[in-house]
Amino acid sequence: MSQPCEQSQPTELSEIDDLLRAVVADGFTVYLCGGHDRPEAIVATYAWEHHVDFVVIKDAHEVTAARSRQVRDWDVFTADTVVWSYQGHARWALRAILDLLPPEHPDAPKDDYPAPPGVRIDPSFLGSVSVRTPRPGLVARRAMRLRAVVED
């Protein structure tokens, strides 16, 4: 990452690692931007029928989670509008995206507003992007998990 978080405690980093694993296990596609071995940013996306949930990690203290409408020519690296966003420490941003209601839920956010600057990726990091797609069977896991939680 651009600015390593040297102040993070080992237990905090372990919790962040667990949350990142939960995002991957939820069926998100992961983009490593700026180099496979030492990415400058990590972006993870989950596509619903008409929305995309995504998280942009630039540093443990600079994480933006968001949901956008999936419109024609939508690009995760340059999203202009969102219907929901959360910026902050990785611990809270990753938890927020994991617990976000499905888009079709009546209480899910619906109104568009300008995307926060934290969702933008420096164009210089886009010359080298590695993509990790979810394992088969995980793609629908997020939708099933969130719908089950809402029904309970």
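Residues numbered from 1 in each chain as written. Predicted model: local features only at pLDDT ≥ 70, side-chain atom pairs only at ≥ 80, totals over all residues. Heavy atoms only, no water.

Draft legend 1. Expanded view of the overall build of the chain. Looking only at helices and strands, the chain features three helices and eight strands. Burial analysis of the chain (152 residues in total) assigns 45% to the buried set. When contacts within the chain are restricted to residue pairs at least 6 apart in sequence, long-range pairs at least 24 apart make up 65% of them. Total accessible area computed for the chain in this model is approximately 8500 Å², and 52% of it derives from carbon and sulfur atoms. (Helix = DSSP H or I, 4+ residues; strand = E, 2+ residues; numbered from the N terminus. Buried < 20%, exposed > 50% of the residue type's maximum accessible area, 1.4 Å probe, protein only. Contact = heavy atoms within 4.5 Å. Areas by Shrake-Rupley, 256 points an atom, 1.4 Å probe, with all protein chains shown as cover.)

Draft legend 2. Here's a closer look at a nonpolar patch on the surface. A surface patch of nonpolar side chains, about 200 Å² in accessible area, is lined by Leu126, Val129 and Val131. For valine 129, the position within the fold is in strand 8 (residues 129-132). The exposure class assigned to valine 129 is partly exposed, which follows from its relative accessible area of 31%. (Patch = residues over 30% accessible without salt bridge, like charges linked within 9 Å, V, L, I, M, F, W, Y side chains within 5 Å. Salt bridge = Lys/Arg side-chain N within 4 Å of Asp/Glu carboxyl O.)

Draft legend 3. Spotlight on unusual backbone geometry. Although it is not a glycine, aspartate 73 adopts a positive phi angle of roughly 65 degrees. Relative to the helices and strands, aspartate 73 is located in the loop between strand 4 (62-69) and strand 5 (81-82).

Draft legend 4. Representation of the packing of aromatic side chains within the structure. Evaluated as defined, the whole model comprises four aromatic pairs. Ring geometry for phenylalanine 54 and tryptophan 74: centres 5.5 Å apart, planes at 70 degrees, overall edge-to-face. With phenylalanine 54 in strand 3 (residues 51-59) and tryptophan 74 in the loop between strand 4 and strand 5, this pair connects stretches of sequence that are 20 residues apart. (Phe/Tyr/Trp six-rings, centres within 6.5 Å; stacked < 30°, edge-to-face > 60°.)

Draft legend 5. Representation of the sheet that holds strand 1 (residues 29-33). The antiparallel open sheet is built from six strands, whose spatial order is 6-4-3-2-1-8. Single-partner strands in this sheet number two, and they are strand 6 (84-88) and strand 8. For this sheet, the mean inter-axis angle between neighbouring strands, taken without regard to orientation, is 15 degrees. Of the strand pairs in this sheet, strand 1 and strand 2 (residues 41-47) are connected by five bridges, and their pairing is antiparallel. Bridge pairing links tyrosine 31 to valine 43 in strand 2. (Pairing = 2+ DSSP bridges. Axes fitted to C-alpha atoms, helices over the stretch in contact; angles between N-to-C directions.)

Draft legend 6. How the structure looks around the environment of tryptophan 48. Along the chain, tryptophan 48 turns up in the loop between strand 2 and strand 3. A sequence separation of 19 residues divides tryptophan 48 from arginine 67, and the C-alpha atoms of the two residues are 10.0 Å apart. A polar contact of 2.8 Å, which involves the side chain of tryptophan 48, links it to the side chain of aspartate 53. (Polar contact = N/O pair within 3.5 Å; in protein donor to acceptor, adjacent residues only side chain to side chain.)

Draft legend 7. Expanded view of the environment of arginine 69. You can see arginine 69 is positioned in strand 4. Taking C-alpha positions, arginine 69 is 9.6 Å from alanine 79, a pair spaced 10 residues apart along the chain. Sequence-distant contacts of arginine 69, that is, excluding residues within four places in its chain, are made with His50, His51, Trp74, Val83, Lys110, Asp111 and Asp112.

Draft legend 8. Highlighting the pattern of salt bridges. One pass over the structure, following the stated rule, counts six salt bridges. Of the charged contacts in the structure, one is a salt bridge between arginine 67 and aspartate 53, with a shortest N-O distance of 2.5 Å. In this pair, arginine 67 is assigned in strand 4 and aspartate 53 in strand 3, connecting sequence segments 14 residues apart. Judged by relative accessible area, which is 0%, arginine 67 ranks as buried. A salt bridge links aspartate 80 to arginine 120; its shortest N-O distance comes to 2.7 Å. Highlighted residues: aspartate 80 in the loop between strand 4 and strand 5 and arginine 120 in the loop between strand 7 (113-114) and strand 8, separated in sequence by 40 residues. Aspartate 80 gets classed as exposed once you look at its relative accessible area, which sits at 55%. For arginine 120, a relative accessible area of 36% corresponds to the partly exposed category. A cluster of three or more residues bridged by salt bridges with shared partners is formed by Glu15, Arg91 and Arg95.

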